[in-house]
Amino acid sequence: MNYTLNEIQKVTKDTFKEFVDKRVMPLAASIDEKAEFPMELFKEVGELGFFGMRYPEEVGGSNMDTVSYSLAVMELARGSLSLAAACTMQSLMATYFLYRLGDEEVRKHFSAALKGAEIGGICMTEPNAGTDLFSLQSKAQVLEDGFVLNGQKTWVTSAPVADFFTVLAKTDKAEGISIFFVPTHLKGVNIGKSIEKLGIKGSVTSEVSFDNVKLPKNYLLGELGDGSKYLREILTEIRIMTAALAVGVATAAFEYALQYSKEREQFGRPICKFQAVKMSFAEMAVQLETAKQYALHAASLSDAGHTQQKEAMIAKLHASECANSICDKASRVLASYGYAMEYPLQRYLRDARFTLIGGGTSEILKINIGKELGL
Ligand SMILES: Cc1cc2nc3c(=O)[nH]c(=O)nc-3n(C[C@H](O)[C@H](O)[C@H](O)COP(=O)(O)OP(=O)(O)OC[C@H]3O[C@@H](n4cnc5c(N)ncnc54)[C@H](O)[C@@H]3O)c2cc1C
């Protein structure tokens, strides 16, 4: 595989790299310590046009390809996986169904979200429905003039700061899952307390409940019971994006440890001169390069219009497993300082765990890759 970037892709990467170096790197530790949504940086990412990268120009986007988007995600995640997770949620899962299926009123919220003026979230997971999403129990009763929504959701990214949600629920009129647009100011929408997490602490997450929430007819996105059809449309992109998140945090860990190894001296020489340390970096480099190149390969296939569920799953599985392995190896290079809260390795290590879960766990991806192989 020989992969080269075109001019637009190079400029995109450089733009986000410069932004991350100048604005995100200095704030990344405090985003984690405060465990607060990084509102100011989130707005700045919106001003850079990130939220509209994957949408057409006629709706306010910039129609960038998946490769460019992945490069931008890698850079954001190199700076702060908390920020990157919040921003990717806004640019993809929280907004896609509004764009794809919303009427004029709903699309106004989509347009506001592309600018970062409104914040969205997606409510899929429930206390008893995680990987087995289709067992969800939230229910919308179909009335003549709309719907009444009831249910309990959990792990909703950006919920404490959200203006609207895309909600998956079943109805009394159709077998499958339906998708609803739900503004958070509606009566009966309750945002629970934030979930304390191991990592990506600045990407705030909480439980959400819907208690007899009345929704007008136009808040049904798509047709009754057809939600899974629309969900499948963005699965590939979500997996490529999660692979890019993993590559970003792994790059940060790798680069930090590499620099440290050149400065830290033991036995009268920099530790990078020891063969054991060199070998560890060689292993990390192989993991990082293959994860990055394969994620970009999956993105380029997507841009070429090929169906590549399998490649997207391989990209996500490989990148997230490599990222966790790289963070572990990088932490060992710093030894005690990799264990110190004052140094960033512990944050990379904690944050990277998220990439093993979001976009499908490694276990479920392996099962689905097996299915793609006809097993
Ligand atoms: C930081 C974070 C942010 C999140 N944000 C959102 C969000 O914004 N919106 C949202 O809806 N959800 C969100 N989630 C939830 C996420 O999508 C779920 O955690 C994920 O779907 C897994 O579900 P679960 O945690 O309930 O695990 P479970 O489904 O209970 O899985 C537990 C274990 O069993 C394994 N397992 C399950 N089924 C199988 C099977 N068939 N074969 C083999 N192994 C299996 C899994 O791989 C895993 O190891 C978020 C999660 C995290 C951690």
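Residues numbered from 1 in each chain as written. Predicted model: local features only at pLDDT ≥ 70, side-chain atom pairs only at ≥ 80, totals over all residues.

Some thoughts on the domain arrangement of the protein
Now for step 1: When the domains of the protein are assigned, the result is domain 1 (7–114), domain 2 (120–225) and domain 3 (228–372).
Now for step 2: Taking the mean C-alpha position of each, domain 1 and domain 3 sit 20 Å from one another.
Now for step 3: Taken together, the 22 residues of domain 1 in the interface contact 23 residues of domain 3.
Now for step 4: Only α2 (28–34), α4 (66–79), α5 (81–91) and α6 (93–101) provide two or more residues apiece to the side of domain 1 that touches domain 3.
Now for step 5: With 9 residues, the single largest contributor to the side of domain 1 that touches domain 3 is α4. (Domains from an automatic or database assignment. Contact = placed C-beta atoms within 7 Å. Helix = DSSP H or I, 4+ residues; strand = E, 2+ residues; numbered from the N terminus.)

Section: helix α11 (residues 345–352)
Now for step 1: Most of α11 is tucked away, with 6 of its 8 residues classed as buried.
Now for step 2: When we look at burial in α11, the residues that qualify are Leu-345, Arg-347, Tyr-348, Leu-349, Asp-351 and Ala-352.
Now for step 3: Structurally, α11 contributes buried residues whose contacts are with α2, α5, α8 (227–263) and α10 (309–334). (Buried ≥ 20, exposed ≤ 12 C-beta atoms within 10 Å, placed from the backbone.)

Overview of unusual backbone geometry
Now for step 1: A positive phi angle, near 60°, is found at Trp-155, a position not held by glycine.
Now for step 2: Tracing the backbone shows Trp-155 in strand β3 (residues 146–157).
Now for step 3: Given 19 C-beta atoms within a 10 Å radius, Trp-155 is considered partly exposed.
Now for step 4: A positive phi angle is found at Asn-212, which is not glycine, with a value near 50°.
Now for step 5: One can find Asn-212 in strand β7 (residues 205–216).

Quick look at the site of the ligand
Now for step 1: With respect to spatial proximity, 20 residues lie near the ligand, and among them Met-124, Gly-130, Thr-131, Thr-157 and Thr-361 are the closest.
Now for step 2: Looking at the shell around the ligand, the elements with two or more residues in it are β1 (120–123), β3 and α12 (362–372).
Now for step 3: Of the residues belonging to the shell around the ligand, the class tally is 10 nonpolar, 8 polar and 2 charged.
Now for step 4: Each of domain 2 (120–225) and domain 3 (228–372) contributes no fewer than three residues to the shell around the ligand. (Near = placed C-beta within 6 Å. Nonpolar A, V, L, I, M, F, W, Y, C, P; charged D, E, K, R; others polar.)

Here we look at the nonpolar core
Now for step 1: Among the nonpolar cores identified, the biggest contains 112 residues, and Phe-180, Val-182, Val-249, Ala-250, Ala-253, Ala-295 and Ala-323 are the most heavily contacted of them.
Now for step 2: Examining the composition of this core, we find that 14 residues originate from one element, α8, more than from any other.
Now for step 3: Not counting the four nearest positions on each side in its chain, Phe-180 is found in contact with Ala-140, Phe-147, Leu-149, Val-167, Ala-169, Leu-215, Tyr-219, Leu-220 and Leu-221. (Core = buried A, V, L, I, M, F, W, Y, C linked by C-beta atoms within 7 Å.)

A closer look at helix α3 (residues 39–47)
Now for step 1: Listed in full, the buried residues belonging to α3 are Leu-41, Phe-42, Val-45 and Gly-46. For α3, the arc enclosing every buried residue in end-on projection is 150°, short of the 170-degree limit, so these residues lie on one face. Exposed residues lying more than 90 degrees from the buried face of α3 are Met-39, Glu-40 and Glu-47.
Now for step 2: Against α1 (7–24), α4 and α5 lie the buried residues of α3. (Arc of directions from axis to C-beta.)

As for the packing of α3 against α5
Now for step 1: Where α3 meets α5, the closest approach of the two axes is 10 Å, and the angle between their N-to-C directions is 50°. With respect to α5, the element α3 is oriented oblique. The hand of the α3/α5 crossing is right-handed. Taking contact as the criterion, the partners of Leu-41, Phe-42 and Val-45 in α3 are, on α5, Leu-83, Ala-86 and Cys-87.
Now for step 2: Grouping the constituent residues of the contact of α3 with α5 by class yields 6 nonpolar, no polar and no charged. (Axes fitted to C-alpha atoms, helices over the stretch in contact; angles between N-to-C directions. Parallel < 35°, antiparallel > 145°, perpendicular 65-115°, else oblique. Left-handed = near helix turned anticlockwise from the far one by under 90°.)

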